[in-house]
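In case you want the letters, here they are:
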Amino acid sequence: MDKKPSFITLDFQPIGRRVAVDPEITVLYAAQLAGIDLVAACSGLGICGTCMIRIINGSVSPPSLSEINLLDTQELDNGYRLACQCTALSDMRIEIPPESLPGGQKLQVEGLGLEIKLAPVVLPYELHLVPPTLDDLRSDSTRLREALQELSTDDTEIAFPVLASLSERLRGQAWNARAAVRTFSDRREVVGVFPSGTNLLGMAVDVGSTKLAIYLIDLETGATLAQKGIPNPQIVFGEDVISRIAFANKDVKNRELLRYRLIYALNQTIQELCMSVGCSVEQIVEAVLVGNTAIHHFVTFLPVEQLGAAPYVAAFSDPLEVRARDLGLDIAPGAWVYFPPIIAGYVGADHTSALLAAQYHRNGGSGIRMLIDIGTNTEISLGVGKNIYSWSTASGPAFEGAHIHDGMRAAPGAIEKVSIVAGKSTVATVGGEAPVGICGTGILQAISELLRNKIITTQGTLRKDQPGVRSQEGRGSEYLLVSAEKTGHGRDIVITRKDINEIQLAKGAIRAGVEILLSHAGIPPEDVEEWVIAGAFGSYLNLESAVRIGMFPKVSIKRFHQVGNAAGTGAKQMLLSLDERNDAVKIVKRVEYIELTAYPEFTQCFVEHMSFSED
Amino acid sequence: MSDLLRDIYSSIMDGRQKETAEKVQEALDQGADPSVLLNEGMIAAMTEVGKLFEEGEYFVPEMLVAARAMQTGLGILKPYLVKADVKSSGKVVAGTVKGDLHDIGKNLVCMMLEGSAFEIIDLGADVDPQRFVEAVHQTQADIVAMSALLTTTMPNMKVTIEALKAAGLRDNVKVMVGGAPLTQQYADEIGADGFAPDASRAVATAKSLLAA
């Protein structure tokens, strides 16, 4: 009998990557280790079927039960398998079909522009040093420190990573330099030395479960020079943070993978942003990174296991400053990254940041306001005077078009507006192109219209006697929104009963959170003066539809305020001003976190709000 | 089928809680056989709800309201069933595993099982393996049903099975598992006797485990 080979070669097509792997591991894990993007929404449990691959040649383990359940016989016969379920038995050639690759969609990064007073923690100092002579033998660093001391009385240290290139720089710049000096609570430090007149830059990053928003900021003017949204590369290890925590729990090497892939993507994007405005990544002397608690812990390599099980606590929740170099970020060698404080295990620093952007600290926190930051996780905060009550829920990615039969991102051809009049539906798409799918805003409006026309019941069931409703073998009933001859891909676009259910689950979770916060604070919905709706989806959302389907209570539309990416805006504020960082810390101290799964009324309330209300 | 029986059936199907209660009471007042009301009214309705759920026609909201209507009716019917000595299908100890606070799925399974005349001992959520062991010991249950929503907590199902083994109770009960991240394969791996992908099929799984 042949001895088992010590390694096997996997050849991934069409990307043309060849990797040598341990024969014991799954194809998915091999791809993950090698940094090959392959969508694995359930992180390899064999449930979602997103990591589908095709075996071109080579022998492979027999299909598992999960594969038999998720793939039909024709797919299996054609060599389609799930990467998470199969292990290679010989060298193999594998094709990754396009739908198994994470897409590079357009993601919204703009946020609410706010006027703030500039008070960055890093300030520039123009220095003209005296070159060393036989009579002046001070070291280069002492020379720099003493020159700085002449401009400001405090002593200033020089960050160790800056020393490596200091001597060469000072000489190359004829002893003229612009020093970037960072102020800490108890000391000052030079974090970068540049040629005279160099602009100091900063970076604000909002890391969401699904996407990242990265802003390049001029620290001296406060202007946003460039910005970009990219998918979170960790998605290949699981669609939601719980799946990623489960993946991290398996092996410390996996935790490192989660960290590395994110940092790698950040470095690439920073590089691109800097090139687009003609500056160097080294000019970035300070960064602020916000994200939910799991993401925060992944980036900083803090343990996540305790976040995955009740009572779901963070390992660390105070504000954190880490040297960028220790995180692997390629910016100025001495630069620091600031992480604002965390509120709870599932209300992270991104929500701290959103609260700051929504000005929960201004005017001594007067008035009654509700902030709803909609994402894969939705955080909700009710501010009543000085008190802030916060809650979070896994609302899922349905609003981003995921888990919806014809769902897609808000890209050209996505249906974003729907109206149904006398049984006839009319749609409008992003970019006015022929429809190819429906985005989150569109699906919400479609359901609102179905409800208004009584095509669906308050339970969400499609009425079979209504025009457009049909029953499909094997997948329940559905509503024909656009027929094949009018679509861009020649296939019908439909709203299925399951799509309606996905939205019911998401809006039920959000509404239940709103109601419980209101009842916890003893406030009727009409007393809330302002409803701030944040998040990329939140800024495109049609408010009338959202109120009709019961995602928000029936209050005047005028009280709603859509602010876009509030977490990103807050991160920019904290980048530009130390006062804003202090305010963020103060806001967190006022928050009372409510764990809803432990709130007895939650289930009842959730179930109630999964239904639609009668008009 | 009498008109009242049909009314009970359809009020459960549509999730009309109050109407179900009224119709059950009316039928009992008219001297209807409680076991007929249970089997041909309530269980039949819940079976149909389960079937529609499996076909993708009904979803969690409809199932929940139907189950609640059924439970209300069952509350009225119960004393009469005891009097008439109607046998339970079996005794089930149910709970969401340690570390997991999500109980909607588990509650739905409990209601569906109750609707099929199982006796339920619901331990709630975040249940320590030892509490499962104690409950099995005390109640002499036929089945242990465990639920998990989080991929991070599902390994506690195996821990609970091991605890049942250590207490020498594993051979006395059948173990069934379910929850969004679970698969038949995972159930097999951890040594569970049964798996159900949803609350409706949990009833069939429970029945087949006891028939075996």
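Residues numbered from 1 in each chain as written. Chains lettered and ligands numbered in written order. Predicted model: local features only at pLDDT ≥ 70, side-chain atom pairs only at ≥ 80, totals over all residues.

**Focus on the overall build of chain B**
Broken down by element type, chain B carries 9 helices and 5 strands. Going residue by residue from the N terminus, the α and β elements of chain B occur as α-α-α-α-β-α-β-α-β-α-β-α-β-α. Against the globule reference of 17 Å for 212 residues, chain B gives a C-alpha radius of gyration of 17 Å, in line with a compact fold. In terms of principal-axis extent, the alpha carbons of chain B reach across some 55 × 35 × 30 Å. A total of 212 residues make up chain B; the buried ones form 51% of that total. (Helix = DSSP H or I, 4+ residues; strand = E, 2+ residues; numbered from the N terminus. Rg over C-alpha atoms; globule rule 2.2 N^0.38 Å. Buried ≥ 20, exposed ≤ 12 C-beta atoms within 10 Å, placed from the backbone.)

**Section: the overall build of chain A**
Each helix and strand in chain A was counted, giving 17 helices and 27 strands. A compact globule built from 615 residues would reach a C-alpha radius of gyration of about 25 Å, and chain A, at 27 Å, matches this within 12%. Expressed along its principal axes, the backbone C-alpha trace of chain A runs to roughly 100 × 80 × 45 Å. Looking at chain A as a whole, 51% of its 615 residues qualify as buried. A separation threshold of at least 6 residues defines the contact pool for chain A, and within that pool the share at least 24 residues apart is 68%. (Contact = placed C-beta atoms within 7 Å.)

**Things to note about the sheet that holds strand β18 (residues 387-394) of chain A**
The pairing of strands in a sheet happens through backbone hydrogen bonds and is either parallel or antiparallel. All names here are of chain A. The mixed open sheet is built from 6 strands, whose spatial order is β26-β25-β16-β17-β18-β27. With partners counted over all chains shown, the strands left at the sheet margins are β26 (560-564) and β27 (591-593), one partner each. Here the average twist between neighbouring strands, direction ignored, is 20°. Of the pairings in the sheet, the one linking strand β16 (residues 368-373) to strand β17 (residues 377-384) comprises 6 bridges and is antiparallel in character. (Pairing = 2+ DSSP bridges. Axes fitted to C-alpha atoms, helices over the stretch in contact; angles between N-to-C directions.)

**Focus on the interface of chain B and chain A**
Contacts between chain B and chain A engage 25 residues on the former and 32 residues on the latter. Those elements that provide at least two residues to the side of chain B that touches chain A are α4 (60-83), α5 (104-114) and α8 (184-189) of chain B. Class assignment of the residues belonging to the side of chain B that touches chain A gives a composition of 9 nonpolar, 10 polar and 6 charged. (Nonpolar A, V, L, I, M, F, W, Y, C, P; charged D, E, K, R; others polar.)

**Some words on the domain arrangement of chain B**
Accessible area lost during the coming together of the parts is what is often quoted as the interface size. Residue and element names in this part refer to chain B. For chain B, the assigned domains are domain 1 (3-83) and domain 2 (90-211). Using only C-alpha atoms to locate each centre, domain 1 and domain 2 end up separated by 25 Å. Only α3 (34-54) and α4 provide two or more residues apiece to the side of domain 1 that touches domain 2. Top contributing element to the side of domain 1 that touches domain 2 by residue count: α3, with 7 residues. By residue class, the composition of the side of domain 1 that touches domain 2 is 10 nonpolar, 2 polar and 1 charged. (Domains from an automatic or database assignment.)

**Remarks on the sheet that holds strand β14 (residues 320-323) of chain A**
Residue and element names in this part refer to chain A. If you walk across this open sheet you meet the 6 strands as β12-β11-β10-β13-β15-β14, and the pairing is mixed. Either end of the sheet is taken by a strand with one partner, and the two such strands are β12 (224-231) and β14. The mean inter-strand angle of the sheet, taken between neighbouring strand axes irrespective of direction, is 20°. Alignment of strand β10 (residues 201-207) against strand β11 (residues 211-218), held across 7 bridges, turns out to be antiparallel. From the neighbouring strand, valine 207 faces β11, where its bridge partner is leucine 212.

**Let's talk about unusual backbone geometry**
Residue and element names in this part refer to chain A. Cis geometry marks the peptide bond from alanine 310 to proline 311, where omega comes out at 5°. Along the chain, the position of proline 311 falls in the loop between α8 (293-300) and β14. Located in the positive-phi region is tyrosine 312, a residue other than glycine, with phi close to 50°. Along the chain, the position of tyrosine 312 falls in the loop between α8 and β14.

**Points about the packing of helix α10 (residues 349-357) of chain A against helix α16 (residues 578-590) of chain A**
Residue and element names in this part refer to chain A. In contact at an axis separation of 9 Å, α10 and α16 are set at 110° when each is read in the N-to-C sense. In this view, α10 runs roughly perpendicular relative to α16, as classed from their interaxial angle. Counting all contacts with α10, which are made through Thr352, Leu355 and Leu356, the residues of α16 involved are Glu580, Asp583, Ala584, Ile587 and Val588. Residue classes in the contact of α10 with α16 are distributed as 5 nonpolar, 1 polar and 2 charged. (Parallel < 35°, antiparallel > 145°, perpendicular 65-115°, else oblique.)

**Topic: the domain arrangement of chain A**
Under the domain assignment, chain A is made up of domain 1 (8-100), domain 2 (122-194), domain 3 (201-339), domain 4 (361-397 + 504-610) and domain 5 (401-479). Each of domain 2 of chain A and domain 5 of chain A was reduced to a C-alpha centroid, and the two centroids are 63 Å apart.

**Regarding the confidence of the model for chain A**
Mean pLDDT over chain A: 89, with 95% of residues reaching 70 or higher. Confidence over residues 104-112 of chain A falls short of pLDDT 50; this stretch has 31 contacts with residues more than four positions distant or in other chains. (pLDDT = per-residue confidence, 0-100.)

**Some thoughts on the nonpolar core**
Residues Met203(A), Ala287(A) and Met63(B) are the most contacted members of the largest nonpolar core, which totals 260 residues. Among residues more than four places away in sequence, those in contact with Met63(B) are Val49(B), Phe53(B), Tyr58(B), Leu108(B) and Ala199(B). (Core = buried A, V, L, I, M, F, W, Y, C linked by C-beta atoms within 7 Å.)

**Here we look at helix α17 (residues 602-610) of chain A**
Among the residues making up α17(A), those that are buried are Phe602(A), Cys605(A), Phe606(A), His609(A) and Met610(A). When α17(A) is viewed along its axis, its buried side chains cluster within an angular range of 135° and face the same direction. At its buried positions, α17(A) is contacted by α12 (497-521) of chain A together with α4 of chain B. (Arc of directions from axis to C-beta.)

**Regarding the packing of helix α2 (residues 17-29) of chain B against α4(B)**
All names here are of chain B. Relative orientation of the contacting elements α2 and α4 amounts to 25°, with a least axis distance of 7 Å. When the axes of α2 and α4 are compared, the pair comes out roughly parallel. Classified by chirality, the crossing of α4 by α2 is right-handed. Residue-level inspection shows Gln17, Thr20, Ala21, Val24, Gln25 and Leu28 of α2 in contact with α4, the latter providing Arg68, Ala69, Thr72, Gly73, Ile76, Leu77 and Tyr80. (Left-handed = near helix turned anticlockwise from the far one by under 90°.)

**Structural notes on the pairing of strand β2 (residues 17-21) of chain A**
Residue and element names in this part refer to chain A. As defined by bridge partners, strand β1 (residues 8-13) adjoins β2 across 5 bridges and the pair is classed as antiparallel. Each bridged residue has a counterpart across the sheet, and for aspartate 11 the counterpart in β2 is arginine 18. In textbook terms, the turn of a hairpin is the stretch between consecutive antiparallel strands, and for β1 and β2 this stretch comprises 3 residues, one of which, glycine 16, has a positive phi near 70°.

**Focus: the pairing of strand β19 (residues 414-421) of chain A**
Residues and elements named next belong to chain A. Direction of pairing for β19 relative to strand β21 (residues 437-438): parallel, over a ladder of 2 bridges. Residue pairing in the sheet places isoleucine 415 in a bridge with isoleucine 438 of β21. Bridge count between β19 and strand β20 (residues 424-429): 6 bridges; the pairing is antiparallel. Paired with isoleucine 415 across the bridge in β20 is threonine 429.

**Describing the environment of Val122(A)**
All names here are of chain A. Mapping valine 122 onto the fold places it in strand β6 (residues 122-128). We classify valine 122 as buried; it has 25 C-beta atoms within 10 Å. Leave out the neighbours within four places in its chain, and valine 122 touches Ala180, Val181, Arg182, Val191, Leu200, Leu219, Val285 and Glu286.

**Notes on the environment of Asn249(A)**
Note on placement: Asn249(A) falls in helix α6 (residues 241-250). The spacing of Asn249(A) and Gly278(A) is 29 residues in sequence and 42 Å in space, taken between C-alpha atoms. With residues up to four places along the chain from it excluded, the contact list for Asn249(A) reads Glu305(A), Gly308(A) and Thr152(B).

**Some thoughts on the confidence of the model for chain B**
Residues and elements named next belong to chain B. Taken over all residues, the pLDDT of chain B has a mean of 92, while the share at 70 or more is 100%. Confidence, expressed as mean pLDDT per element, reaches its minimum in chain B at α4 with 88 and its maximum at strand β3 (residues 143-147) with 98. For this predicted complex, the interface score ipTM comes out at 0.83, while the overall pTM is 0.85.

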